[in-house]
Amino acid sequence: MTQDTDQVRVLIVDDDPSMRAALRQWIRLAGFDTLEVATADQAMGKLTPDFEGCVVSDVMLEGEDGMSLLRRIGSLDGDVPVVLITGHGDVPMAVEAMRAGAYDFVEKPFDPDHIAEVVRRACDKRALVLENRALKTQLADGASLESRLIGNSPAMQTLRQQILHFAKTDAAVLITGETGTGKEVIAQALHDFSLRKDGPFAAINAAALPETMVEAELFGHEAGAFTGADRLRTGRIEAASGGVLFLDEIVSMPLALQPKLLRVLQEKKVDRIGGTKPVDVDIRLVSAANMDPREAVRSGNLREDLLFRLNAIELTVPPLRERGRDSLLLFDTFLNRFAAHYGLEVPGTSAQDEAFLQTYGWPGNVRELRNAAERFVLNAGVSPQPLESLVTGQRSEVMTVAEGGLKELMDAYERNLIESALRRHGGRVADVMRELNLPRRTLNEKMARHGLSRDLAGQSETTDA
Ligand SMILES: Nc1ncnc2c1ncn2[C@@H]1O[C@H](COP(=O)(O)OP(=O)(O)OP(=O)(O)O)[C@@H](O)[C@H]1O
Ligand SMILES: [Mg+2]
């Protein structure tokens, strides 16, 4: 097996400077990079659990011998190969060392070719161990991604591979796909399977905030920056430092803020509103759009230079109707999950339900299918009905206790309240917020969940505005 020796280092441990120099010379001639230290303590300072290389150490070190170094390395990473250099007459020690897990030993005075050969074998072995380790974590990651981003269609399999692959990089990712296709699931996975997984995942949805608040949310502000800014506030960009910043619905980003955002991406610095000096940030950017971002560029809603910064990698999530039998697999999984969640029996599906699952267009994609599965589970015990009528609602809007569980009734009640308030106030969200005493974000979330928009005021029966 050959390897790229660029990153492979051989750590030489010897308290004799002339020995170190000789070892360095032969090992470098063999094509390896070297690090040299004089003591076991210094050696431990250089090693990490995934150290790419091997250790060559004299068995007689000052203070601490090679045997105890061997043990210390073993407790850090039992697979780092340690080659011991022994003086003549140290054979019993060498035997003990091999028993204790040394990779090999070389007797002084050594033959340069021999030491090069031993080091090469040790480093090859190390590369193999590290490769296997990486493969194993990849497999484990793959399995858990499969349960988060369900689907056996070729498109979903490719998508999962891409996610695991690109998660390991810091390149900006733009995820495009219709509503409910799983863009947020993907953004979160790009964080969770990356080296930044222990850092923050900070999400911001420009469309869910009033335009005037987006800037302060994103960039933060100093105390006294504007009326009402009584305290310093860190923005989402700063809060994402060390992790991932997720800009949802990027095409709704106010045009006026786009140059400022571009600057953050180019210079990795953020200017707080009212701030005097920029703050360094270390972020990986993931963004999402539910329309073609090029269309948004053409219509003047998205700056082209910003798009070029966002889409180093572009992941396209296909709509559910193009994923073949994935709808069956997803529905079945959700039925099981919701049944377990509510402590109910897993309802059976009819051939008719299954046909519907595959032929319906699912405009709300996985989100819609998931909601349907939840209602299907809840209804099954009291008033079972074909999935089709449950989804397309070809039936009376009035729900009775017999038809819905408590959650449905509450949901329907909430939806009615918000809907009628919207109608009464002619779609003026600020007035609805006041009447229902709801913060804007909560109201937006609820409206989105119930599929309500402020426009419904226009198409309504009567408004008293
Ligand atoms: N492949 C999938 N496997 C399992 N669950 C999924 C999958 N895709 C989406 N979901 C679930 O569907 C719902 C919607 O997904 P998500 O919020 O990621 O969609 P989205 O593309 O961000 O939608 P929107 O554009 O409306 O924000 C979530 O509950 C999510 O967990
Ligand atoms: Mg989303």
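Structural notes, computed from the coordinates. Along each chain, numbering runs from 1 in the same order as the chain's sequence is written. Chains and ligands are labelled by the order in which they are written, letters from A for the one and numbers from 1 for the other. Owing to the predicted nature of the model, reporting of local features is limited to residues with pLDDT of at least 70; listing and counting of side-chain atom pairs is limited to 80 or more, with chain, interface and lining totals taken over all residues. Computation of side-chain values covers all heavy atoms of the structure but excludes hydrogens and water.

**A short note on the overall build of the protein**
Okay, step 1: Summing up its helical and strand segments, the protein has 19 helices and 14 strands in all.
Okay, step 2: In this treatment the radius of gyration is a C-alpha quantity, and the globule benchmark scales as 2.2 Å times the residue count to the 0.38 power. Taking 465 residues into account, the globule formula puts the C-alpha radius of gyration at 23 Å, and the protein, at 31 Å, lies well above it.
Okay, step 3: Accessible surface area values rest on a Shrake-Rupley calculation with a 1.4 Å probe, where residue burial reflects the displayed protein chains alone. For the protein, the accessible surface area stands at approximately 23800 Å², while carbon and sulfur atoms represent 51% of it.
Okay, step 4: A positive count includes Lys and Arg, and a negative count includes Asp and Glu. His and the chain ends are not counted in either. Think of each charge as sitting on NZ of Lys, CZ of Arg, CG of Asp or CD of Glu. Charge separation in the protein, taken as the distance between the mean sites of 54 positive and 70 negative side-chain charges, equals 4 Å. In this description a helix means any DSSP run of H or I spanning at least four residues, a strand means any run of E spanning at least two, and both kinds are numbered starting from the N terminus.

**Digging into the sheet that holds strand E5 (residues 104-107)**
Okay, step 1: Read from one edge of the open sheet, five strands run E2-E1-E3-E4-E5, paired in parallel fashion. Sheet topology places strand E2 (33-37) and E5 at the edges, where each strand pairs with a single neighbour. Between one strand axis and the next, the sheet turns through 20 degrees on average, direction left out of account.
Okay, step 2: When checking whether two residues touch, look at their non-hydrogen atoms; a contact exists if any pair is within 4.5 Å. Under this scheme, a helix contributes an axis fitted over its contacting stretch, all axes are lines through C-alpha atoms, and angles between N-to-C directions fall in the 0 to 180 degree range. Sitting on the sheet, helix H1 (residues 17-29) is in contact with strand E1 (9-13), E2, strand E3 (53-58) and strand E4 (82-86), with an inclination near 170 degrees to E2.
Okay, step 3: Across the sheet, helix H4 (residues 91-99) touches E4 and E5, and the angle it forms with E5 is around 160 degrees. By the convention used here, strands pair only if DSSP detects at least 2 bridges between them.

**Structural notes on the environment of Val-37**
Okay, step 1: Note on placement: Val-37 falls in strand E2.
Okay, step 2: Spatially, the C-alpha atom of Val-37 lies 6.3 Å from that of Ile-12, the residues being 25 residues apart in sequence.
Okay, step 3: Those residues in contact with Val-37, other than ones at most four positions away along the chain, are Leu-11, Ile-12, Val-13, Asp-14, Arg-20, Gln-42, Ala-43 and Lys-46.

**With respect to the environment of Leu-145**
Okay, step 1: Within the fold, Leu-145 resides in helix H5 (residues 112-148).
Okay, step 2: Considered as a pair, Leu-145 and Asp-192 are 47 residues apart in the sequence and their alpha carbons are 9.7 Å apart.
Okay, step 3: Leu-145 has contacts with Arg-160, Ile-163, Leu-164, Ala-189 and Phe-193, leaving out every residue within four places of it along the chain.

**Observations concerning the layout of surface pockets**
Okay, step 1: Looking at the second largest pocket, its volume works out to about 430 Å³.
Okay, step 2: Lining the second largest pocket are 14 residues; nearest its centre among them are Asp-50, Ala-134, Thr-137, Lys-168 and Leu-195.
Okay, step 3: The nonpolar class holds Ala, Val, Leu, Ile, Met, Phe, Trp, Tyr, Cys and Pro. Asp, Glu, Lys and Arg form the charged class, and all remaining residues, Gly among them, are polar. Here the residues of the lining of the second largest pocket are counted per class, giving four nonpolar, three polar and seven charged. Cavities and pockets were defined on a 1 Å grid built over protein atoms only: a cavity is a set of grid points that admits a 1.4 Å probe from which the probe cannot escape, a pocket is an open set flanked by protein on both sides within 12 Å along at least five of seven lines, and lining residues are those with an atom within 4 Å of any such point. Grid points are joined across faces, edges and corners, and a volume is the space filled by probe spheres set on the points.

**Focus on the packing of H5 against helix H6 (residues 154-167)**
Okay, step 1: Contact pair H5 / H6: the axes reach a minimum separation of 11 Å and the direction vectors enclose 130 degrees. Taken together, the axes of H5 and H6 are oblique relative to one another. Both H5 and H6 take part in a crossing whose hand is right-handed. Contacts from Gln-138, Asp-141, Gly-142, Leu-145 and Glu-146 of H5 reach H6 at Arg-160, Ile-163 and Leu-164.
Okay, step 2: Here the residues of the contact of H5 with H6 are counted per class, giving three nonpolar, two polar and three charged. Our angle categories are set so that under 35 degrees counts as roughly parallel, over 145 as roughly antiparallel, 65 to 115 as roughly perpendicular, and the remainder as oblique. Take the far helix as the reference: if the near one is turned anticlockwise from it by less than a right angle, the crossing is left-handed, and if turned clockwise, right-handed.

**Quick look at the nonpolar core**
Okay, step 1: Residue types Ala, Val, Leu, Ile, Met, Phe, Trp, Tyr and Cys, when buried and joined through side-chain atoms within 4.5 Å, form a set referred to as a nonpolar core. Here's how the labels work: a residue is buried when its accessible area is under 20% of the maximum for its type, exposed when over 50%, partly exposed in between, all with a 1.4 Å probe on protein chains only. Counting 32 residues, the largest nonpolar core has Leu-218, Ile-237, Leu-245, Leu-247, Ile-250, Met-253 and Leu-302 as the members making the most contacts within it.
Okay, step 2: Elements that contribute at least two residues to this core include exactly strand E7 (201-205), helix H8 (211-219), strand E10 (244-248), helix H10 (258-267), strand E13 (284-289), helix H11 (293-298) and helix H12 (304-310).
Okay, step 3: Ranked by residue count, the leading element in this core is H10, at four residues.
Okay, step 4: Residue contacts for Leu-245: discarding those within four places in its chain leaves Ala-202, Arg-236, Ile-237, Ala-240, Ile-283, Arg-284, Leu-285 and Val-286.
Okay, step 5: If you look at the next biggest cluster of nonpolar residues, it comprises 22 residues, including Phe-331, Phe-356, Ala-372 and Ala-373.

**A word on the packing of aromatic side chains**
Okay, step 1: Any Phe, Tyr or Trp ring, taking Trp's six-membered ring, that has another such ring centre within 6.5 Å forms a pair; planes under 30 degrees apart are called stacked, those over 60 apart edge-to-face, and the others tilted. Under the counting rule described, the total for this entry stands at six aromatic pairs.
Okay, step 2: Between Phe-338 and Tyr-342 the ring centres are 6.4 Å apart and the planes differ by 20 degrees, which places this aromatic pair in the stacked class. Of this pair, Phe-338 and Tyr-342 both sit in helix H13 (residues 326-342), four residues apart, roughly one helical turn.
Okay, step 3: Among the residues examined, Phe-338 registers a relative accessible area of 9% and is labelled buried.
Okay, step 4: The exposure class of Tyr-342 is partly exposed, given its relative accessible area of 25%.
Okay, step 5: Between Phe-356 and Trp-362 the ring centres are 5.9 Å apart and the planes differ by 65 degrees, which places this aromatic pair in the edge-to-face class. Of the two residues, Phe-356 and Trp-362, neither departs from the other in class, the shared state being buried.
Okay, step 6: Members of the aromatic cluster, each reached through a chain of ring pairs, are Phe-356, Tyr-360 and Trp-362.
Okay, step 7: The lysine or arginine in question, Lys-260, covers the ring of Phe-219, its NZ or CZ lying 4.3 Å from the ring centre. As a reminder, the over-ring test applies to NZ of lysine and CZ of arginine, requiring each to be within 6 Å of the ring centre and within 35 degrees of the ring normal.

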